[in-house]
Amino acid sequence: MTRIDFHSNVADKIAYACRLTRKARAADSRIVLLARDRQEMMALDQALWTFSELEFLPHVMAGDPLAAQTPIILTDRGDAELPHYHVLVNLSAETPAHFARFERMIEIIAPDETEKAAGRERFRFYKQRGYPLTHFDADKA
């Protein structure tokens, strides 16, 4: 069953996702980053190339011919066909269609009220279905 971690009150979701991705790669995980839209996906792409001068986080877009060999996949579609299902980082406001295929999912929630409300709805959705949930408040870190 997918383990789901909520990270709330995250002021800069892109930078936070990059740090989570770096940590997951250090543990040899394969990661899918689900953006809310194409613009956010492109911002993630740029950030992964530039957020650390000393580290390389190899990534491609879902559907790329090298996706199967690449440990980090970017997509803006919750129903995208993916080559691996280890860790899903959800930056979108939606419940990903195939989240249950993943071993672990991390929900990143910004501090604004609209996003918090959507995050609470997803939390209830997962809880009602019996998924193991944890919560981490970035404001209190």
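Computed from a prediction, not measured in an experiment: that's the story for all the values here.

Observations concerning the environment of I31
And step 1. Mapped onto the elements, I31 comes out in strand β2 (residues 31-34).
And step 2. On the basis of relative accessible area, I31 is assigned to the buried category, the value being 1%.
And step 3. When the C-alpha atoms of I31 and A97 are compared, they prove to be 16 Å apart, with 66 residues separating the residues in sequence.
And step 4. The contact partners of I31, leaving out residues within four places of it in the chain, are T21, A24, R25, P71, I72, I73, H84, V87 and V89.

Thoughts on the nonpolar core
And step 1. In this structure, L33, L44, V89 and I108 are the most contacted members of the largest nonpolar core, which totals 22 residues.
And step 2. Sorting elements by how many residues they give to this core places helix α1 (residues 13-26) first, with 6 residues.
And step 3. Other than its neighbours up to four places away in sequence, V89 contacts I31, V32, L33, L34, I106 and I108.
And step 4. In this structure, I4, F6, L82 and Y131 belong to the second largest nonpolar core, which totals 16 residues.

What about unusual backbone geometry?
And step 1. The backbone of N9 sits at a positive phi, close to 60°, despite the residue not being glycine.
And step 2. By secondary structure assignment, the location of N9 is in the loop between β1 (3-8) and α1.
And step 3. Exposure remark for N9: the relative accessible area of 13% places this residue in the buried category.
And step 4. At D28, a position not held by glycine, the phi torsion is positive, near 65°.
And step 5. Here D28 shows up in the loop between α1 and β2.

Regarding the packing of α1 against helix α2 (residues 38-50)
And step 1. Direction vectors running N to C along α1 and α2 enclose 55°, while the axes themselves pass 10 Å from each other. When the axes of α1 and α2 are compared, the pair comes out oblique. Handedness of the crossing formed by α1 with α2: right-handed. Taking contact as the criterion, the partners of K13, I14, A17, C18 and T21 in α1 are, on α2, E40, A43, L44, A47 and L48.

Definitions and limits used
- Residues numbered from 1 in each chain as written.
- Predicted model: local features only at pLDDT ≥ 70, side-chain atom pairs only at ≥ 80, totals over all residues.
- Heavy atoms only, no water.
- Helix = DSSP H or I, 4+ residues; strand = E, 2+ residues; numbered from the N terminus.
- Buried < 20%, exposed > 50% of the residue type's maximum accessible area, 1.4 Å probe, protein only.
- Contact = heavy atoms within 4.5 Å.
- Core = buried A, V, L, I, M, F, W, Y, C linked by side-chain atoms within 4.5 Å.
- Axes fitted to C-alpha atoms, helices over the stretch in contact; angles between N-to-C directions.
- Parallel < 35°, antiparallel > 145°, perpendicular 65-115°, else oblique.
- Left-handed = near helix turned anticlockwise from the far one by under 90°.

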